[in-house]
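If you want the building blocks of each chain, they are given just below.
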Amino acid sequence: MSIKKKLLTVAVLAASTGLGLGPSLAAEGDPARGENVFKRCVSCHSLEPGKKRPTGPNLYGVFGRVAAADPDYRYTPAMKEAGASGLVWNDENLMAYLEDPRKFVPKSRMILKLPKEQDRLDVIEHLKLFGDNADAAAESGAEAEAPATP
Ligand code: HEC
């Protein structure tokens, strides 16, 4: 095999395994940075199973969960309705909700916005680490990003 062909093969392999430095990297979150972003959420939310906060629902296992599913929290009618109509907290919906919660679920109670896309990507990766099926959540996240990989 010629050097040129070899290099090409390596590049294709790298791209297909997600190691390529393609545009896909721009759309990935970093859970470590997400932990930092989550400091803005802790006044209202806990990620410890069963732990209550007076202001917001518990977020343990929130990734992949239907909206308004913390049995110990009194959600707004708006959020309950969103859950009843099938809203699930996947990557796409969390990205939209965290950018502007009351635009995504009108009349819901949360007001904090994360206007920076990278902050949202990062904090969502952090959320995925907390839940009974955290591994599956992380994997489904990787799959959801697959179309961005050449
Ligand atoms: C000032 C308080 C406050 C802060 C700060 C806050 N939230 Fe919330 N959050 C709420 C409230 C209140 C609700 C419930 C909304 C409702 O019932 O309408 C909520 C709901 C949610 C939900 C939906 C939960 C469910 O069970 O359906 C997610 C996800 C969420 N918040 C994520 C975050 C993240 C991530 C951050 C930090 C970037 C954050 N929140 C910061 C108050 C807050």
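Placed above this text is the structure.
What you are looking at is a predicted structure, and each value in this text was computed from that prediction instead of being measured.

Draft legend 1. Spotlight on the overall build of the protein chain. Scanning the protein chain from N- to C-terminus turns up seven helices and zero strands. Mapped in sequence order, the helices and strands of the protein chain form the string α-α-α-α-α-α-α. For the protein chain, buried positions account for 23% of its 150 residues. When contacts within the protein chain are restricted to residue pairs at least 6 apart in sequence, those whose partners lie at least 24 apart make up 51%.

Draft legend 2. Quick look at helix α6 (residues 117-128). If you check α6, its first and last C-alpha atoms are 17 Å apart, about what 12 residues at 1.5 Å a residue would give, namely 16 Å. Counting buried positions along α6 yields nine of 12 residues, so the element is predominantly enclosed. Considered for burial, the residues of α6 that qualify are R120, L121, D122, V123, I124, E125, H126, L127 and K128.

Draft legend 3. Quick peek at the site of the ligand. Surveying the vicinity of the ligand reveals 27 residues, the closest of which are C41, C44, G56, S108 and M110. In terms of residue class, the shell around the ligand is made up of 18 nonpolar, six polar and three charged.

Draft legend 4. Looking closely at the nonpolar core. If you look at the biggest cluster of nonpolar residues, it comprises 19 residues, and the most contacted ones within it are V123 and L127. Mapped onto this core, the elements with two or more residues apiece are α3 (77-84), α4 (91-99) and α6. Residue contributions to this core peak at four residues, all from α6. Excluding anything up to four places from it in sequence, V123 contacts G34, V37, F38, L98 and L114.

Cut-offs applied
- Residues numbered from 1 in each chain as written.
- Predicted model: local features only at pLDDT ≥ 70, side-chain atom pairs only at ≥ 80, totals over all residues.
- Helix = DSSP H or I, 4+ residues; strand = E, 2+ residues; numbered from the N terminus.
- Buried ≥ 20, exposed ≤ 12 C-beta atoms within 10 Å, placed from the backbone.
- Contact = placed C-beta atoms within 7 Å.
- Expected span 1.5 Å × (residues − 1).
- Near = placed C-beta within 6 Å.
- Nonpolar A, V, L, I, M, F, W, Y, C, P; charged D, E, K, R; others polar.
- Core = buried A, V, L, I, M, F, W, Y, C linked by C-beta atoms within 7 Å.

In short, geometric facts, not functional conclusions.
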